[in-house]
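# Inside the fold
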Amino acid sequence: MALADDVTNAMRVLELLAPHPEGRRVTEIAERLSVNKAIAHRLLAALVDAGYVNQDPRTSSYFATHSLGALGLRQLSSSAVETWAQRSLDSLAAECEELVRLAVATNDSLKWIAKAQGANSSLRIDPVMGQDAVPHATASGKAWLATLSPDRVATVLAHESHLDVTPRSALDRAALQVELDEVRHRGYATTIEEMDLGISAVAAAIHGAGPGREATGTISIAGPSVRMTRARMAELSPPLLAAAADISRSWPSYTYLVADEELSA
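Figured I'd write up the structure that's included with this text. (Residues numbered from 1 in each chain as written. Predicted model: local features only at pLDDT ≥ 70, side-chain atom pairs only at ≥ 80, totals over all residues. Heavy atoms only, no water.)

Here we come to the overall build of the protein chain. Helix and strand counts for the protein chain stand at 10 helices and 7 strands. Counting the 265 residues in the protein chain, one finds 46% classified as buried. Of the accessible surface of the protein chain, which amounts to about 13400 Å², a share of 53% is contributed by carbon and sulfur atoms. (Helix = DSSP H or I, 4+ residues; strand = E, 2+ residues; numbered from the N terminus. Buried < 20%, exposed > 50% of the residue type's maximum accessible area, 1.4 Å probe, protein only. Areas by Shrake-Rupley, 256 points an atom, 1.4 Å probe, with all protein chains shown as cover.)

Structure, rendered in structure tokens:
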């Protein structure tokens, strides 16, 4: 296996382990990577030596160590996200008095990296953040998908492991395409209890790479469905879109967050 393949697969191993604190067995890792068990074991052993993975002696499962999370938090801290996004997220959170989230697009996934909460908001890096937004079941995911080409949408959806998050989120590809057309027309996406029962959200794309390009991230507002009605989400769409535009204007100074090689610093 070439060095580039080793590095790529090692990173994929970390991505597979990060959301599973209980760990995964080497056989499952091999299946997910489409490699033989010996290669998967070698990759895991290298990551154990590097300190980013450990093995549970009772179950033989491998899990990511806190070193991985610490590395991510250091990167987010060095990106000065609290400087270039705090004003916009705090302002929006104060106005809507709901949870506001910022997500960044990386390759074929969308990751939440920061949030501001309510009238007394302060943007902070959340240890439970860094998770992928389920593209077809979150407002952030739909806002992002609406900026992708049909082929890219198909690629992203092919990677999804959770298709039925709630009874409302079964993946109907034809219906999703119709909804994405609506998102492009009105400029924002919504979900009604599709990711979490009792929670609804509205989101807009952040065009840090420029108009007409794939979104570099999203900004969303989420709250209890009793408050976040369709009418309320429509009322919040102007300040939401204004915040997205404000963050888009500052994004070029932080282009290394974008997966597009042409924009990488």
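Turning to the nonpolar core, a few remarks are in order. L89, V100, L102, I219, I221, L240 and I247 are the most contacted members of the largest nonpolar core, which has 27 residues in total. When contributions to this core are tallied by element, the ones reaching two or more residues are α6 (86–96), β3 (99–106), β4 (109–117), β6 (199–206), β7 (217–224) and α10 (230–250). Sort the elements by how many residues they give to this core and α10 lands first, with 6 residues. Residues contacting I221, with those up to four places away along its chain left out, are L92, C96, E98, L99, V100, S200, A201, V202, M228, L236 and L240. Grouped together as the second largest cluster of nonpolar side chains are 23 residues, A139, W144, V156 and A205 included. (Core = buried A, V, L, I, M, F, W, Y, C linked by side-chain atoms within 4.5 Å. Contact = heavy atoms within 4.5 Å.)

It is worth spelling out the pattern of salt bridges at this point. Under the criterion given, the structure shown has 14 salt bridges. In this structure, a network of salt bridges that share partners links the residues R24, E28 and R32. (Salt bridge = Lys/Arg side-chain N within 4 Å of Asp/Glu carboxyl O.)

Here we come to the pairing of β4. Where burial is concerned, most of β4 is hidden: 7 out of the 9 residues are buried. With 8 bridges connecting them, β3 and β4 associate as antiparallel partners. By the bridge assignment, A105 is partnered in β4 with L110. What sits between β3 and β4 in their antiparallel hairpin is a turn of 2 residues, with N107 showing a positive phi close to 55°. (Pairing = 2+ DSSP bridges.)

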